[in-house]
Amino acid sequence: MENKHKVQCYAAPLEGITGYIYRNAHHKFFHGVDKYFTPFVTPKPKKGLNTREKNDILPEHNQDIVVVPQILTNKSEDFIKVAQMMGELGYKEVNLNLGCPSGTVVSKKKGSGFLSDLDGMKAFFDEVFSGVNLAVSVKTRLGMEKPEEIKDLISLYNQFPISEVIIHARVREDYYKNPVNYEAFAEGFSQSIHPVCYNGDIFCAQDVQEVTKRFPKLSAVMVGRGMIANPQLTESFDCEGDKSLEFSKEDIDYARWKAFLDELCYGYEYIMSGGRNVLFKLKEVWSYMIPLFPECEKYGKKIKKAKTVAEYHTIVNALFREAGVQ
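Anyway, here's the lowdown on the structure attached to this text. All values reported here derive from a predicted model rather than from experimental measurement.

1. What to know about unusual backbone geometry
Thought 1: The backbone of D201 shows a phi angle near 55°, a positive value even though the residue is not glycine.
Thought 2: Residue position: D201 is located in the loop between β8 (196-199) and α8 (205-214).
Thought 3: Although it is not a glycine, E295 sits at a positive phi angle of roughly 55°.
Thought 4: Judged by relative accessible area, which is 44%, E295 ranks as partly exposed.

2. Regarding the environment of L96
Thought 1: Of note, L96 is situated in strand β5 (residues 93-98).
Thought 2: We classify L96 as buried; its relative accessible area is 1%.

3. Remarks on the sheet that holds strand β7 (residues 165-171)
Thought 1: Reading across the sheet, the nine strands line up as β3-β2-β1-β9-β8-β7-β6-β5-β4 and stay open at both edges, with parallel pairing between neighbours. In the strand order of this sheet, the two ends are held by β3 (67-68) and β4 (70-71), each with one partner.
Thought 2: Relative to β3, strand β2 (residues 35-37) runs parallel, the two being bridged by two bridges. Across the sheet, residue Y36 finds its bridge partner in β3, namely V67.
Thought 3: Helix α3 (residues 76-88) rests against β4, β5 and β6 (135-143) of the sheet, and its axis sits at about 150° to β5.
Thought 4: Strand contacts of helix α5 (residues 118-131): β5 and β6, with the helix running at about 170° to β5, the strand carrying the most contacts.

The rules behind the values
Residues numbered from 1 in each chain as written. Predicted model: local features only at pLDDT ≥ 70, side-chain atom pairs only at ≥ 80, totals over all residues. Heavy atoms only, no water. Helix = DSSP H or I, 4+ residues; strand = E, 2+ residues; numbered from the N terminus. Buried < 20%, exposed > 50% of the residue type's maximum accessible area, 1.4 Å probe, protein only. Pairing = 2+ DSSP bridges. Contact = heavy atoms within 4.5 Å. Axes fitted to C-alpha atoms, helices over the stretch in contact; angles between N-to-C directions.

Structural data, given as structure tokens:
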């Protein structure tokens, strides 16, 4: 009997959301994620990382889960310094962010802003792979402006021992709005000599199915906003025949979702001072999740207006009672 290729599931980094509190809570209540990527750390000349970034990558805050620190920089010496620090902490892989479309990032030629400088990227990789001993993966976009740029980018990546190329199937100018470009992704995928992970608009099990059918030799699929909206989505990757990709709204285990959200709240309360900061974090997560709940519009407004953590719990408990969780 032919062995079915297991496509791995990667949890994408979302700045401000997928820190270690979120990662640990998700891993405790949901399965399926093979690697969690951290929100990017940004090396600062002479200062290294800030306290928040250090806390996020500490091994004691990431026990029993596979975590890949992501680095945002266009300076090889800074990348090497942080990568060495990660190696000393026990990490086996670091990831270079070449995908962030933020205007402030791009204006500094970082993230997807670096994609327009092939010569600069070549010099960067020459030095990085001379000074880094652990695996280096790359998260890229199709290009800055045109999807055809992926050909030259993959040609460049092929010159270096990159461990894996994660391709977000949009150009920088698309941000997250325009449709993903499967054709340009296919071009990059077929040209790459490295393992390729697909990223972009995975919001339901059917999206997982479509991508893995189109590209059966993918090494992995990365989920981002879709996982925040539906933390149970990652379980679509546990392949036990075709059944693994059957998932609908009726399959949502709201009891687990409540336990997960309670864990998030406790975690944020433990590390943050003041309920306002805790609520800010929780409301951001709920902005993604609320459409999958009954009476979502009514409760979404109430959660948004909550002024204390106690008020928040009252609203959320009522919402889960609507969903059948006592």
